[in-house]
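Summary of the model geometry
For reference, the chains in residue letters:
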Number of protein chains: 2
Amino acid sequence: MTTPADPQGAADPGLPPTVVIGCGLIGTSIALGLRGHGIDVHLRDADPEHLRAAVDRGAGSPEPAADPALVVVAVPPAATVEAVVDALREWPRAVVTDVASIKDRVVTGVDAVDDSGRFVGSHPMAGSERSGPEAASAQLFEGRPWVITPGRSAADEAVRLVEEVAVMLGGVPVTMEPATHDEAVALVSHVPQVMSSLTAARLLEAPSAHLALAGQGVRDVTRVAGSDPTLWREILRGNAVAVRSILRSVRQDLDTVLAALEDESDVAELLVTGRRGSERLPGKHGGVQPELAVVLVQVSDRPGELSRLFARVGQIGVNIEDLRIDHELGRLVGLVEISVLADRADHLVEELVTSGWTAYR
Amino acid sequence: MTTPADPQGAADPGLPPTVVIGCGLIGTSIALGLRGHGIDVHLRDADPEHLRAAVDRGAGSPEPAADPALVVVAVPPAATVEAVVDALREWPRAVVTDVASIKDRVVTGVDAVDDSGRFVGSHPMAGSERSGPEAASAQLFEGRPWVITPGRSAADEAVRLVEEVAVMLGGVPVTMEPATHDEAVALVSHVPQVMSSLTAARLLEAPSAHLALAGQGVRDVTRVAGSDPTLWREILRGNAVAVRSILRSVRQDLDTVLAALEDESDVAELLVTGRRGSERLPGKHGGVQPELAVVLVQVSDRPGELSRLFARVGQIGVNIEDLRIDHELGRLVGLVEISVLADRADHLVEELVTSGWTAYR
C-alpha cells in the first residue's frame, strides 16, 4: 500500500478525540475524513487485519482513547445495538452514533436500555459493492445524504454534534423518523438488491454459450448482486417489514407480466411505468446538471487512445466535469461521454473534429 | 451536428452496394461501419427525419440502389418479417439479413413464404438504452457477439456474406439455432429488462424524500428501465415463451424470499446464489483482463480535477487502458479506477503519490 502513514500530520490538540469502532469501508472512510480535519481518531476492530489496514491508511491510532467526545459504531447491523450500548457504558460522557442501514430496530433497541440522550442513530448513505478498509475514501460521503434519526430521546446537543460531523465530511444531513428511513431505504436500496440477486441467480446454471451474449444491460442489473451476502442477510432481516411490503407489490406486477405473456396481451404498461419510475431518480446517472452538456467522442480500441483524447481535451482547455465510458465485455465499445460546462461544448466539439476526432452532441 | 458529411470519402466502385432499411441506432451504426470500409450504402427509412439525420452523419445516400448485394433490414421486430419478405421481392438477387432481437419467429415467418435461401437471420448484440441515428457509432459492434441464425434454408454463400459483414464491423460471429438464441437472450437481456422495469415501477409513486436517498445501486438496477417501451413490448411478445419460463423461476425464488422474510428465516441462500451467478458473467464490468491492473485514485469535486489527473497520468507516460468513475447523484463520488498494464501499475502509483495524489492498488 503506497500511501503515507499519516497524510494529515499530527492531530489538532484543540479538538476532542473520536473513537471509531469497526474498520470496514464506512468506519475507515469516516476516520480518514476526520483525520483530514485534524481530529484525533482512535480505531478499534475485532479483526486485527482490518485494524492494521486502517492504521496503515492513516485513518487513526490503535491506542485506546481516554475521553472521546464522539464514538462512531461502524459494525454490521446485527451487532450494532450491543456495540452502541457497550460504548455508552464505556465512555459515559461521549455522544455515540452508528452507521447501520436499518434504523428502527437499532433506535428502538438502544432506547429500551438507555435514556442518557447520548445516542443518535444515523446512516451515511454512501458506498458501493466494494468493502473493507482498502476501499475507504475520505470523500466517500461528499454530496451524499447522511440520514439522522434522533428518535424520541436524543439530546439536542448530541444531534447537533452528529450533524456537524456529517457536514464536515461533505455529507448532507437529512433528519427522518427511524421508520420512515427504513421505508425509504427499502425502496431505493434493499428491494433493488433483492431484484439484482433474483436476476443474477438465474445465471448460475446457464450454459456458457448463453452467458457469452451478455451485454452491459444485464451487467448493470446484476452489479450489486456481487455484494456481501452476510451483510445483506442482516440488512434484509432487520428491515423485513418494509421490504416485504414492496416485494409483494413487485410480485403482483410480476404476475401481471406473466399473465400478459401467457395470452400475448400487453406488457406495455409495466414498461412505461418502469421508465417513468426510473426518470424520477434525482441526478440520474447519465442525466446532467442543467449547466453541463454531454459531448460524445468515438474512440477505437488502439492502445493509448483514451490518453490521447484526454491530452487533446486538456490542450483545447476545456475541463472534463464528468465522464462515462460504455463498457462491454470489460473493454471500450467506442463512445466516450464527456460532460463539460454547457457553454464550452460547441467549442470542444469543433476543436476535436478539427483534430480528426469524431465528436458530436 | 458538427461532423463531416462524408468522412470516408467516395465509395469504392469495386465493392457492391448495400441497402440499409431502418436508420435507428443499429441500422445507422451498420451503415457507418460499412461506409468506413468504402462500401456504397443506400439508406431508407419511413421517417424522413431519421433518414436525414443518418445521411447527415455520413452513413450513406438517400438515393435508391439498383442492384445491391446485401440488404440489411433494421426495423422494429414486429415489422421485420414483412420488411424482409418485401426486400427479397424488390431485389431478387440480394442477400437479405435482419437485426431483430428475436430470431425464431422471424426465421420461421420468412421461411414460410420464401425458399430462395437468400435470407439469413442475424442479431448483432450491441447497443444500450440509447436509440436513434444520433447515438450511432461505427464501433458499436466491436468485440460484441453477432449471432447468425441460418435456420434450415439459408444458402451457404449467403451465410458467408453476413459473416463477412459482421467481421468487417468488428463483431464476433456466433452461429446458433434460432430457438437457442431466443433462450439465451431471454436470460441475458429480456428478463433483466423486465426485472429492471419491475424495480423502477416501484419508484413512480414514491415520496420525493425517499428518492432523495437513492445511490448508485438502484440507478444501476433501473438504468435499462429507461429503454423504449414500444420496442421492448415487441421484443417481449416476440419471445414470450422463453421469457415466461425464466420469469416463472424468478417468481418461485421471489416467493421463497417473501416466505423467508415473513418468518425471519434465511434469505442468505438467494444472496449467495445471486453473487455466484453474477460472477459467471464473462469479462464482468469491473473485472479486468489478466494483463491489466487497477489503480485507485481519489479525486475531489473541484473543477478541473479530472483533467489535472489525466494530464499528470499523461506526463507520467502510462497509458490509460480503461476507466471507471463512481457516480452518485450524477456526480463524482471520489474514486477513479484507472486500468493500466499490470507492469506499469506500481510506477503509476508511486509517481501519482509523489505528485500529491492519493493513489493505491
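Residues numbered from 1 in each chain as written. Chains lettered and ligands numbered in written order. Predicted model: local features only at pLDDT ≥ 70, side-chain atom pairs only at ≥ 80, totals over all residues. Heavy atoms only, no water.

What to know about the overall build of chain A
- Regarding its fold elements, chain A presents 13 helices and 11 strands.
- Within the span of chain A, comprising 361 residues, buried residues form 57% of the whole.
- Taking as baseline every contact in chain A between residues at least 6 positions apart, the subset at least 24 positions apart corresponds to 69%.
- Accessible surface computed for chain A: about 13,900 Å², of which carbon and sulfur atoms make up 50%. (Helix = DSSP H or I, 4+ residues; strand = E, 2+ residues; numbered from the N terminus. Buried < 20%, exposed > 50% of the residue type's maximum accessible area, 1.4 Å probe, protein only. Contact = heavy atoms within 4.5 Å. Areas by Shrake-Rupley, 256 points an atom, 1.4 Å probe, with all protein chains shown as cover.)

Observations concerning the packing of helix α12 (residues 305-316) of chain B against helix α13 (residues 345-354) of chain B
Residues and elements named next belong to chain B.
- The N-to-C vectors of α12 and α13 enclose an angle of 120°; their axes lie 10 Å apart at closest approach. In terms of their interaxial angle, α12 and α13 are classed as oblique. Like other packed secondary-structure pairs, α12 and α13 cross with a definite hand, here right-handed. Along its contact with α12, which presents Leu-309, Arg-312, Val-313 and Ile-316, the element α13 presents His-347, Leu-348, Glu-351 and Leu-352.
- Considered class by class, the residues forming the contact of α12 with α13 number five nonpolar, one polar and two charged. (Axes fitted to C-alpha atoms, helices over the stretch in contact; angles between N-to-C directions. Parallel < 35°, antiparallel > 145°, perpendicular 65-115°, else oblique. Left-handed = near helix turned anticlockwise from the far one by under 90°. Nonpolar A, V, L, I, M, F, W, Y, C, P; charged D, E, K, R; others polar.)

Details of the sheet that holds strand β3 (residues 70-73) of chain B
Residues and elements named next belong to chain B.
- The strand order β2-β1-β3-β4-β5-β6-β7 describes an open sheet built from seven strands, whose pairing is mixed. Pairing within the sheet leaves two strands with one partner each, and these edge strands are β2 (41-44) and β7 (172-175). Each adjacent strand pair in this sheet contributes to an overall mean axis angle of 25°, direction not counted.
- Relative to β7, strand β6 (residues 145-149) is paired through four bridges, and the arrangement is parallel. Bridged to Val-147 within β7 is Val-174. (Pairing = 2+ DSSP bridges.)

Description of the domain arrangement of chain A
Residues and elements named next belong to chain A.
- Taken as a whole, chain A is organised into domain 1 (18-176), domain 2 (183-279) and domain 3 (286-360).
- Placing a centre on the C-alpha atoms of domain 1 and another on those of domain 2 gives a separation of 31 Å.
- A buried area of about 890 Å², summed over both sides, lies between domain 1 and domain 2, and 64% of it is on carbon and sulfur atoms.
- Between the two partners, domain 1 and domain 2, sit zero salt bridges.
- Residue composition of the side of domain 1 that touches domain 2, grouped by class: six nonpolar, three polar and two charged. (Domains from an automatic or database assignment. Buried area = accessible area lost by both parts, 1.4 Å probe. Salt bridge = Lys/Arg side-chain N within 4 Å of Asp/Glu carboxyl O.)

Notes on the interface of chain A and chain B
- Contact with chain A, which involves 140 residues of that partner, is made by 140 residues of chain B.
- Carbon and sulfur atoms make up 61% of the surface buried where chain A meets chain B, a total of about 12,900 Å² over both sides.
- Counting the surface chain A buries against chain B, the share from its top three residues, Arg202(A), Leu213(A) and Arg280(A), is 6%.
- Linking chain A with chain B are 10 salt bridges.
- A salt bridge links Asp220(A) to Arg223(B); the nearest nitrogen and oxygen atoms lie 2.4 Å apart.
- For the interface between chain A and chain B, the tally reads 16 residue pairs in polar contact (both at pLDDT 80 or more). (Polar contact = N/O pair within 3.5 Å; in protein donor to acceptor, adjacent residues only side chain to side chain.)

A short note on the pattern of salt bridges
Residues and elements named next belong to chain A.
- Across all of its chains, the model carries 22 salt bridges over all chains by this definition.
- When the shortest N-O distance is used, the salt bridge between Glu-305 and Arg-308 registers 3.5 Å. Of this pair, Glu-305 and Arg-308 both sit in helix α12 (residues 305-316), separated by three residues, roughly a single helical turn.
- For Glu-305, a relative accessible area of 7% gives the class buried.

Brief notes about the sheet that holds strand β5 (residues 119-124) of chain A
Residue and element names in this part refer to chain A.
- Read from one edge of the open sheet, seven strands run β2-β1-β3-β4-β5-β6-β7, paired in mixed fashion. Because the sheet does not close on itself, it has two edges, and the strands there are β2 (41-44) and β7 (172-175). Each strand of the sheet is rotated relative to its neighbour by a mean of 25°, with strand direction disregarded.
- Direction of pairing for strand β1 (residues 18-21) relative to strand β3 (residues 70-73): parallel, over a ladder of four bridges. Each bridged residue has a counterpart across the sheet, and for Val-20 the counterpart in β3 is Val-72.

What to know about the packing of aromatic side chains
- For the coordinates displayed, the defined rule picks out three aromatic pairs over all chains.
- Centre to centre, the rings of Phe141(A) and Trp146(A) are 5.1 Å apart; their planes meet at 45°, and the pair counts as tilted. Neither residue differs from the other here; Phe141(A) and Trp146(A) are each classed as buried.
- Just above the ring of Tyr360(A) sits the side chain of Arg57(B); from NZ or CZ to the centre is 4.3 Å. (Phe/Tyr/Trp six-rings, centres within 6.5 Å; stacked < 30°, edge-to-face > 60°. Lys NZ or Arg CZ within 6 Å of the ring centre and 35° of its normal.)

So, the nonpolar core
- With 76 residues, the main nonpolar core has Leu247(A) and Leu247(B) as its most contacted residues.
- When contributions to this core are tallied by element, the ones reaching two or more residues are α6 (178-201), α9 (229-238), α10 (240-262) and α11 (268-278) of chain A together with α6 (178-201), α9 (229-238), α10 (240-262) and α11 (268-279) of chain B.
- For Leu247(B), the residues in contact, after removing those within four places along its chain, are Leu254(A), Val257(A), Leu258(A), Leu261(A), Val191(B), Val194(B) and Met195(B).
- Listed in part, the 44 residues of the second largest apolar core include Leu309(A), Val313(A), Ile325(A) and Val297(B). (Core = buried A, V, L, I, M, F, W, Y, C linked by side-chain atoms within 4.5 Å.)

Focus on helix α4 (residues 104-111) of chain B
Residue and element names in this part refer to chain B.
- What α4 keeps buried is the set Val-106, Val-107 and Val-110. Each buried residue of α4 lies within a common arc of 95° when the element is viewed along its axis, so the set occupies one face.
- Looking at the buried residues of α4, the elements they touch are α3 (77-90), β4 (95-98), β5 (119-124), β6 and α6. (Arc of directions from axis to C-beta.)

A word on the relation of the copies chain A and chain B
- Expressed as a screw transformation, the operator carrying chain A onto chain B has a rotation angle of 180° and an axial translation of 0.0 Å, and the superposed copies differ by an RMSD of 0.1 Å. Read as a symmetry element, the transformation amounts to a two-fold axis. Closest approach to the rotation axis within chain A is made by the C-alpha atom of Val221(A), at a distance of 2.1 Å.
- Interface overlap between copies is the fraction of interface residues in one copy that are interface residues in the other; for chain A against chain B it reaches 99%, indicating a shared surface. (Least-squares fit on C-alpha atoms with pLDDT ≥ 70 in both.)

Some details on the environment of Ala54(A)
Residues and elements named next belong to chain A.
- Position of Ala-54 among the secondary structure elements: in helix α2 (residues 48-56).
- Judged by relative accessible area, Ala-54 falls into the buried class, the value being 0%.
- The residues touching Ala-54, leaving out its near neighbours within four places in the chain, are Cys-23, Thr-28, Leu-43, Ala-59, Gly-60 and Pro-133.

Some thoughts on the packing of helix α4 (residues 104-111) of chain A against α6(A)
All names here are of chain A.
- Contact geometry of α4 with α6 gives a least axis separation of 8 Å together with a crossing angle of 155°. Between α4 and α6, the angle is such that the two are roughly antiparallel. Residue-level contacts link Asp-104, Arg-105 and Val-107 of α4 to Pro-178, Ala-179 and Asp-182 of α6.
- Counted by class, the contact of α4 with α6 contains three nonpolar, no polar and three charged residues.

Details of the environment of Gly38(A)
- Turning to its location among the elements, Gly38(A) is positioned in the loop between α1 (25-36) and β2.
- For the pair Gly38(A) and Ala69(A), spaced 31 residues apart in sequence, the C-alpha to C-alpha distance is 14 Å.

As for the pairing of strand β1 (residues 18-21) of chain B
All names here are of chain B.
- Here β1 shows a buried face lined by Thr-18 and Val-20 and a second buried face lined by Val-19 and Ile-21.
- Pairing between β1 and β2: four bridges, direction parallel. From the neighbouring strand, Val-20 faces β2, where its bridge partner is Leu-43.
- Regarding topology, helix α1 (residues 25-36) serves as the crossover connection from β1 to the parallel β2, and that connection is right-handed. (Right-handed = clockwise from strand over helix to strand, strands pointing away.)

Let's talk about the confidence of the model for chain A
Residue and element names in this part refer to chain A.
- Averaged over every residue, the pLDDT of chain A is 87; residues scoring 70 or more account for 89%.
- Across residues 1-8 the pLDDT falls below 50, and counting only partners more than four positions away or on other chains, this stretch makes 25 contacts in the model.
- Segment residues 284-289: pLDDT under 50, and 11 contacts once partners within four positions in sequence are set aside and those in other chains are kept.
- Confidence estimates for the predicted assembly give a pTM of 0.79 and an ipTM of 0.78. (pLDDT = per-residue confidence, 0-100.)

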